[in-house]
Amino acid sequence: MSVLRVEAVEVRFGGVTALGGVDLQADAGRVTGLIGPNGAGKTTLFNVITGLQTPTAGRVYLDEQDVTHKKPHQRARLRVARTFQRLEVFGSLTTRENIMVAAEACQSWSNDNENPKVVTEEIIDRVGLRDVAESPVDALSTGLARLVELGRSMATRPRLLLLDEPGSGLDNNETDGLARILVELAGEGMAVLLVEHDMELVMRVCSEIFVLDFGRLIARGNPTEIQADEAVHAAYLGTEDDAKDTALEQVEEAVL
Amino acid sequence: MTTFLAYTIVGIATGCIYALTASGLVVTYTTSGIFNFAHGAIGMVMAFTFWELTVKDGWPQWLALIVVLGLFAPLLGYLIDRLLMRNLHGASTSTQIVMTLGLLLLLIGVATVRWNPGEARVLPEFFIGHHIRLFTINVTYHQLTMIAVAVLVAAFLRLLFTRTQIGIAMRAVVDDPELASLTGADPDRVRAVSWALGASLAGLAGILLAPLVSLDIILLTLLVINGYAAAMVGRLKSLPLTFVGGLALGLAETYAIWKLPTGLLNKIRPSLPIIFLYLVLLVLPQAKLRAGRAVSLRRPPRVAGLGESIIGGVALVGVAALIAPHMSRSDLTLAGQGMVFALIMLSLVLLTGYAGQTSLAQMTFVGIGAFAMGKYFGGASLLGILLAAVLAGAIGAVAALPALRLQGLYLALSTLAFAEAMSTMFFKNAAVFGYGGRLAVGRPSVLGVSFHGDHAYFLLITGVFALAGIGVLALRRGKFGRKLVAMKDSPAACATLGIDLTFTKLAVFALSASLAGVAGVFFGGLRGQVGPNDFEMLQSLVLLLLVTISGISSVTGALMGGLTFGLIPRLQQTFKSVRSLTYIGPGLGILGVGRNPYGYTSEFAPLGARIRRRFGRGAEPPAGPAGDGSAASANLEEVDDLVGVAG
């Protein structure tokens, strides 16, 4: 059974179609990739799944429960967490406080008995943020701030984790660490949906990959199949109309 | 039936003014994303300029109209955009709000210097003396002019938005901000034009409005609040709906004049537009959560630990105790006022500095606190403080209700409406402060110790501030405080963590109102009595701006802001030539906040770090002197020197 199922989701901004009938699913225990050129609609899809964007048509199911009309915080309580491509850290709080807010929130709406302090310290070590635990996040580099968002999203003990380009801004060592964490999380039974431009990372950790282009699903398969797919190559090698691509990207950014 | 028709025409005329005012607001808001609280002040300045040109200098009206609306107003709008607003894109909503509020105060201040409020001025109606008889009432040519102008402006805006290139670019923003950049329009140019156009529309409304009320600086500036309601009907987006809203408001007001008994009418008439605004806010649809946070490159002020904050508090009271015996009675009163203002500003640190919500009604809660103490306990009881806290908190929660589903700007607007409504309906009501409007508020004795003397009372207020400061810092370090800051930094992220912010918003608003209410008890006790004019909305604005300038995210900022406010009367004596220093000072000072949202006290952070290093951990430097103004400025110079050495 899929933790997440997206059915025929469509989003239009005025006359521009950002998502045109996308189907997708993410299963427990594996990392699912979602890739595509800039402006393909990946972030918009994340916003639809988490409730920050109302789809023009289509449905979103979490554990086969229809959540299309639920508010963002209600969906989060069904154990969905995410990070943001454009960082949404709590910049004037420290790294520790960022994670603590999430752990405390989780404790308040769930039946978990975990001590938020313990959860926080465990995640700080796991993500490797011990050195910057006391720094306000606004003072951190983008790469580290992304790790703070990752840690924060893990603190609500999600069953479905949506990661929007967690690897950008990381150096090679940090990327290795990220890959290890993602595989571990999946190994613990989490469903991870990963948007990422670092293809090496995607091919390394994902067991299934969905490819979006111009708001439509153009391919789906395991890493080997995707690497061999001609439509995917065409989409990435710039046969598309650059102007339209830029326009869509702008729309996506503006909406964010 | 004929009477109905006649009142309808008058109502339409009034509504046209509201629509005109609101349309200018909407034009600037949709293209720049900034709600211009100074819209009314621009209209006021233009009305005064028009008076000066026509009545004082004897220019023909048509020439003055062309010069004011075609040259001065657009130029002012353009300059505002260029010099102030352009840097604000991407700034947080609360920074944008204080910026245009600063402009509002600055314009009031400048107008007060230029046009002495002590002199009476009359701006005659257009075509004065001419009217037509319509059924049972007279409709003046001026009223007909208002209708004609509104129709012309509506037609002009329609043509502009459908037939001209710049208009289409602006409309693209109105219809769908996301797509605006796709039309290839230069957003900077579009914004400059919209600010110029907005200022002209404000001027037009001001010039048409001034003859009907009076040429009064504050009155004209605040009348624009009436237009806010109309703008809300159009959800700050749709111009046709804005005109509909303006007309509905005008008609509702006129029918109320016709039908309501005079006694009741006189009580609620000034508040009708405010009530209308409140209702519109109630029915506005829930705001959509959006990602996209304001990013600051500045480091937020460090949050002091418990030990440090206690040391700081003790040091503050100690310094106050050392200085107090050497101060004159008037100095003690000034310093005490400074501490009271600091306490009020502390309530804003909680609400705005931590939680990112803006209140323009803090003085209203101060008034409620003073009222609770004075009315029910005369002042000598600690129970009075409790009642002040509970009453102000409860009323604060009610005031915040309509805006809970909405975001920052709307909360600010509803507190503005609330402050104005309370001012006209509550504080100025004879039943509240008694006939003649003075309510005595005494000074309490605590545990058998009397605080009636000026010296003791000053120390008491300082102690209360120190305690409240320690409390606010403790709150900030705790779970609730983290949640507040998270709410300010990213509501979208909070939602994706499963946090429902409705209760948090309500709680922090009530808590902040409560603290302001407690400050009100001491405000009243310090003066001995309070009256209907002590709790004006403009005072709340000055408070908000001053604490923003000194640092709204820290207790030190509140202390310095309060002392500065306490100092203004003394400065005013020194600089007699600059009338209205209260308005000009904060108005100018706020311009620096676009650069550093944490205020000037955050610039001393390196100094604090040095001192902490010197004394090991702990030992926050005494947050600031608690003495009179001269001591404060002397200490500031010292700090400056030290920073200079450190730099």
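Worth saying up front: this structure is predicted, and the values here are computed from it rather than measured.

K.L.:
Teacher, can you tell me more about the overall build of chain B here?
P.N.:
When helices and strands are tallied, chain B shows 28 helices and six strands. Counting all 647 residues of chain B, 58% fall into the buried class. Relative to all contacts within chain B whose residues are 6 or more apart in sequence, the contacts with residues 24 or more apart total 80%. Of the roughly 25,400 Å² of accessible surface on chain B, 66% is carried by carbon and sulfur atoms.

K.L.:
Teacher, can you tell me more about the nonpolar core here?
P.N.:
Most often, soluble globular proteins have nonpolar side chains that are buried together. If you look at the biggest cluster of nonpolar residues, it comprises 250 residues, and the most contacted ones within it are Phe37(B), Tyr228(B), Met232(B), Leu346(B) and Phe522(B). A total of 15 residues in this core trace back to one element, the largest contributor, which is helix α15 (residues 329–354) of chain B. Once residues within four sequence positions are removed from consideration, Leu346(B) is found in contact with Phe465(B), Ala468(B), Gly469(B), Val472(B), Leu515(B), Val555(B) and Ala558(B). Counting residues in each nonpolar core, the second largest holds 28 residues, with Val22(A), Leu45(A), Leu62(A) and Leu160(A) among its members.

K.L.:
How should helix α17 (residues 382–400) of chain B be read in this particular structure?
P.N.:
Given 3.6 residues per helical turn, the α-helix brings residues three or four places apart onto the same face. All names here are of chain B. Along its 19 residues, α17 runs 27 Å from first to last C-alpha, staying within 8% of the 27 Å computed at 1.5 Å per residue. Those residues of α17 lying buried are Gly384, Ile385, Ala388, Ala389, Ala392, Gly393, Gly396, Ala397, Ala399 and Ala400. Those residues of α17 that are buried lie in contact with α13 (272–283), α16 (362–377), α18 (408–427) and α23 (501–527).

K.L.:
Any chance you could explain the packing of aromatic side chains here in plain terms?
P.N.:
Between two aromatic rings, the relevant description is the distance of the centres plus the angle of the planes. All names here are of chain B. According to the stated counting rule, one finds 21 aromatic pairs over all chains in the structure shown. Seen from their ring centres, Tyr7 and Trp258 are 5.1 Å apart, and the 15° between their planes marks the pair as stacked. Linking Tyr7 in helix α1 (residues 2–32) with Trp258 in helix α11 (residues 239–259), this pair joins segments that are 251 residues apart in sequence. With centroids separated by 6.3 Å and ring planes inclined at 50°, the aromatic side chains of Tyr255 and Trp258 adopt a geometry described as tilted.

K.L.:
Would you mind going over the pairing of strand β2 (residues 16–27) of chain A with me for this structure?
P.N.:
Side chains on a regular strand alternate between the two faces of the sheet. Residue and element names in this part refer to chain A. Where strand β1 (residues 2–13) lies against β2, nine bridges are found, and the strand directions are antiparallel. Within the sheet, the bridge partner assigned to Phe13 lies in β2 and is Val16. Two successive antiparallel strands, β1 and β2, enclose a turn made up of two residues, where Gly14 displays a positive phi of approximately 60°.

K.L.:
I tried to follow the pattern of salt bridges on my own but got confused; where do I start?
P.N.:
Once the charged atoms of two side chains with opposite charge are near each other, the side chains can pair. All names here are of chain A. Within this structure, the stated rule accounts for 29 salt bridges over all chains. For Glu208, the salt bridge identified is with Arg30, shortest N-O distance 3.2 Å. One end of the pair, Glu208, is in strand β9 (residues 208–213); the other, Arg30, is in the loop between β2 and β3 (31–35), and 178 residues separate them in sequence. For Arg30, a relative accessible area of 28% corresponds to the partly exposed category. One network of salt bridges, in which partners are shared, links Arg96, Glu121, Asp125, Arg130 and Glu134.

K.L.:
What's the story with the packing of helix α3 (residues 95–109) of chain A against helix α21 (residues 479–489) of chain B in this structure? I'm lost.
P.N.:
At a minimum axis distance of 10 Å, the contact between α3(A) and α21(B) shows a crossing angle of 110°. In terms of orientation, α3(A) lies roughly perpendicular with respect to α21(B). Side by side, α3(A) and α21(B) meet where Glu97(A), Met100(A), Val101(A), Glu104(A), Gln107(A) and Ser108(A) of the first sit next to Lys479(B), Arg482(B) and Ala486(B) of the second. A per-class count over the contact of α3(A) with α21(B) returns three nonpolar, two polar and four charged.

K.L.:
Got a minute to help me understand a nonpolar patch on the surface in this structure?
P.N.:
Residue and element names in this part refer to chain B. Together, Ile275, Leu279, Leu282, Val283 and Met425 make up a nonpolar patch on the protein surface, roughly 440 Å² of accessible area in all. No other element matches α13, which puts four residues into the nonpolar patch. In this fold, Met425 is placed in helix α18.

K.L.:
I tried to follow the sheet that holds β2(A) on my own but got confused; where do I start?
P.N.:
Within a sheet, neighbouring strands are paired by backbone hydrogen bonds and run either parallel or antiparallel to one another. Residues and elements named next belong to chain A. Strand order in the open sheet formed by four strands is β2-β1-β4-β5, and the pairing between neighbours is antiparallel. The sheet is open, and its two borders are formed by β2 and β5 (65–66), each paired with just one other strand. The pairing of β1 with strand β4 (residues 57–62) spans five bridges and is antiparallel. Each bridged residue has a counterpart across the sheet, and for Glu7 the counterpart in β4 is Arg59. Packed onto the sheet, helix α1 (residues 42–50) meets β1, β2 and β4 and runs at close to 115° relative to β1.

K.L.:
Whenever I open this one, α23(B) confuses me. Can you help?
P.N.:
Over its 27 residues, α23(B) runs 39 Å from end to end, which matches the ideal 39 Å to within 8%, given 1.5 Å per residue. Where α23(B) ends, the next residue or the one after it, Gly528(B), has phi of about 90°, a positive value.

K.L.:
I'm lost on the packing of α21(B) against α23(B) in this one. Help?
P.N.:
The angle between the axes and the distance between the axes are what describe a pair of packed helices. Residue and element names in this part refer to chain B. The interhelical angle for the contact between α21 and α23, taken along N-to-C directions, is 110°, at an axis separation of 11 Å. Of the possible angle classes, the one that applies to α21 and α23 is roughly perpendicular. Note on element contacts: α23 touches α21 through Leu501, Thr504, Lys505, Ala507, Val508 and Leu511, opposite Phe480, Lys483, Leu484 and Met487. Across the contact of α21 with α23, the residue classes tally to seven nonpolar, one polar and two charged.

K.L.:
What is the right way to look at the environment of Met44(B) in this model?
P.N.:
Residue and element names in this part refer to chain B. Within the secondary structure layout, Met44 lies in helix α2 (residues 39–56). It is 7.2 Å that separates the C-alpha atoms of Met44 and Gly203, two residues lying 159 residues apart in sequence. Ignoring any residue separated from it by four or fewer positions in sequence, one finds Met44 in contact with Leu107, Ile108, Ala111, Ile217, Leu220 and Thr221.

K.L.:
Teacher, can you tell me more about the sheet that holds strand β7 (residues 160–164) of chain A here?
P.N.:
Residues and elements named next belong to chain A. Strand order in the open sheet made by the six strands is β6-β7-β8-β3-β9-β10, with mixed pairing throughout. The strands lining the two open edges of the sheet, one partner per strand, are β6 (80–82) and β10 (216–221). Strand-to-strand, the axes of this sheet are offset by a mean angle of 20°, without reference to chain direction. Relative to β10, β9 is paired through five bridges, and the arrangement is antiparallel. Its bridge partner lying in β10, Val211 is registered against Ala219. Against the sheet, helix α5 (residues 142–154) engages β6 and β7, with an angle of about 170° to β7. Sheet contacts for helix α6 (residues 172–187): β3, β7 and β8 (191–195); angle to β8, the most-contacted strand, approximately 150°.

What counts and what doesn't
Residues numbered from 1 in each chain as written. Chains lettered and ligands numbered in written order. Predicted model: local features only at pLDDT ≥ 70, side-chain atom pairs only at ≥ 80, totals over all residues. Heavy atoms only, no water. Helix = DSSP H or I, 4+ residues; strand = E, 2+ residues; numbered from the N terminus. Buried < 20%, exposed > 50% of the residue type's maximum accessible area, 1.4 Å probe, protein only. Contact = heavy atoms within 4.5 Å. Areas by Shrake-Rupley, 256 points an atom, 1.4 Å probe, with all protein chains shown as cover. Core = buried A, V, L, I, M, F, W, Y, C linked by side-chain atoms within 4.5 Å. Expected span 1.5 Å × (residues − 1). Phe/Tyr/Trp six-rings, centres within 6.5 Å; stacked < 30°, edge-to-face > 60°. Pairing = 2+ DSSP bridges. Salt bridge = Lys/Arg side-chain N within 4 Å of Asp/Glu carboxyl O. Axes fitted to C-alpha atoms, helices over the stretch in contact; angles between N-to-C directions. Parallel < 35°, antiparallel > 145°, perpendicular 65-115°, else oblique. Nonpolar A, V, L, I, M, F, W, Y, C, P; charged D, E, K, R; others polar. Patch = residues over 30% accessible without salt bridge, like charges linked within 9 Å, V, L, I, M, F, W, Y side chains within 5 Å.

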